[in-house]
Amino acid sequence: MGNISCVFCGCVEQASVGVVERWGRFERLAEPGLHFFNPLAGQCFAGYLSTRISSLDVKIETKTKDNVFVQLICSIQYRVIKESADDAFYELQNPKEQIQAYVFDVVRALVPRMNLDDLFEQKGEVAKSVLEELEKVMGAYGYSIEHMLMVDIIPDPSVRRAMNEINAAQRLQLASVYKGESEKVLIVKKAEAEAEAKYLGGVGVARQRQAITDGLRENIVNFSHKVEGTSAKEVMDLIMVTQYFDTIKDLGNSSKNTTVFIPHGPGHVRDIGDQIRNGVMEAASGQVSVE
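Residues numbered from 1 in each chain as written. Predicted model: local features only at pLDDT ≥ 70, side-chain atom pairs only at ≥ 80, totals over all residues. Heavy atoms only, no water.

Here's the deal with the nonpolar core
By size, the foremost hydrophobic cluster in this structure holds 36 residues, and its most contacted members are Leu-72, Ile-76, Ile-99, Val-103, Leu-119, Leu-134 and Ile-145. Contributing elements (two or more residues each) for this core: strand E7 (54-63), strand E8 (69-80), helix H1 (85-91), helix H2 (95-110), helix H3 (116-121), helix H4 (123-138) and strand E9 (143-155). When sequence neighbours within four positions are dropped, the list of residues in contact with Ile-99 reads Leu-56, Ile-76, Tyr-78, Leu-134, Met-138 and Ile-145. With five residues, the next largest nonpolar core counts Val-12, Val-20, Phe-37 and Phe-45 among its residues. (Core = buried A, V, L, I, M, F, W, Y, C linked by side-chain atoms within 4.5 Å. Buried < 20%, exposed > 50% of the residue type's maximum accessible area, 1.4 Å probe, protein only. Helix = DSSP H or I, 4+ residues; strand = E, 2+ residues; numbered from the N terminus. Contact = heavy atoms within 4.5 Å.)

Set out below in structure tokens:
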């Protein structure tokens, strides 16, 4: 429902203010409610102004310091100062165009001094500068600037694509670094595991050989004591022949065996015995030197 007036009275709505003139000159402001005036004395309602907050969206296209064209969308919330409604009524014919002109002026003076990245980071500072300038200028015309928001910053489409590609490349590079680090860790851990396995395998082989040596020595000693007239060499030859035939038997019984050519003969058995005796002696001498 709008403001209502007739020849002798007028009604001003809530959140509005009326302007009363006498013989064409401003006389007073009319508060919300019913007002009577005398048209014979030259009184009349000149108009009405809303004191509600209004919003104005301004689109500005400008260039940054690094020569990137951007479009800025600003939202300005403003209202008429109730006590200065006569200034707002008489001074400005089109307040929206005036506000838009000042926003253009301030933004196009600030943004060309900033790089695109700085503009995104400091858009609040740009909005604050515009707000301060508008408050100083529009306050003299009876308008109060309530809020100034930098709603959006839209670079040229080609620039946006380039920025996305740069961001994607950086993320791929970072992913490659992490992947390389993980592969490095796997290789190091694998090498450490192989080294540990080889070390433990060597320890196991050494212990196995030591056990074999100790067992042979014990068998030789026991056999020499139980069978009189036998020497340690004879006992060793007997053990070697027994183990030799056991080995051939195991090769023959294996289900996965292939054709194996083994030199066979008494001389070969004697050579094996000599090698084992030498190994036993070396192991015994090594154990004595360690102790």
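With respect to H4
Look at H4: 22 Å from first C-alpha to last across 16 residues, which is about the 22 Å you get at 1.5 Å a residue. Considered for burial, the residues of H4 that qualify are Val-126, Ala-127, Val-130, Leu-131, Leu-134, Val-137 and Met-138. Buried residues of H4, seen end-on, are gathered within an arc of 140° and therefore sit on one face of the element. Residues of H4 that are buried in the fold lie against E8, H2, H3 and E9. (Expected span 1.5 Å × (residues − 1). Arc of directions from axis to C-beta.)

Regarding the confidence of the model for the protein chain
The pLDDT averaged across the protein chain works out to 78; a share of 72% of its residues lies at or above 70. Across the protein chain, E8 holds the top mean pLDDT of 90, while strand E1 (residues 4-5) sits lowest at 51. (pLDDT = per-residue confidence, 0-100.)

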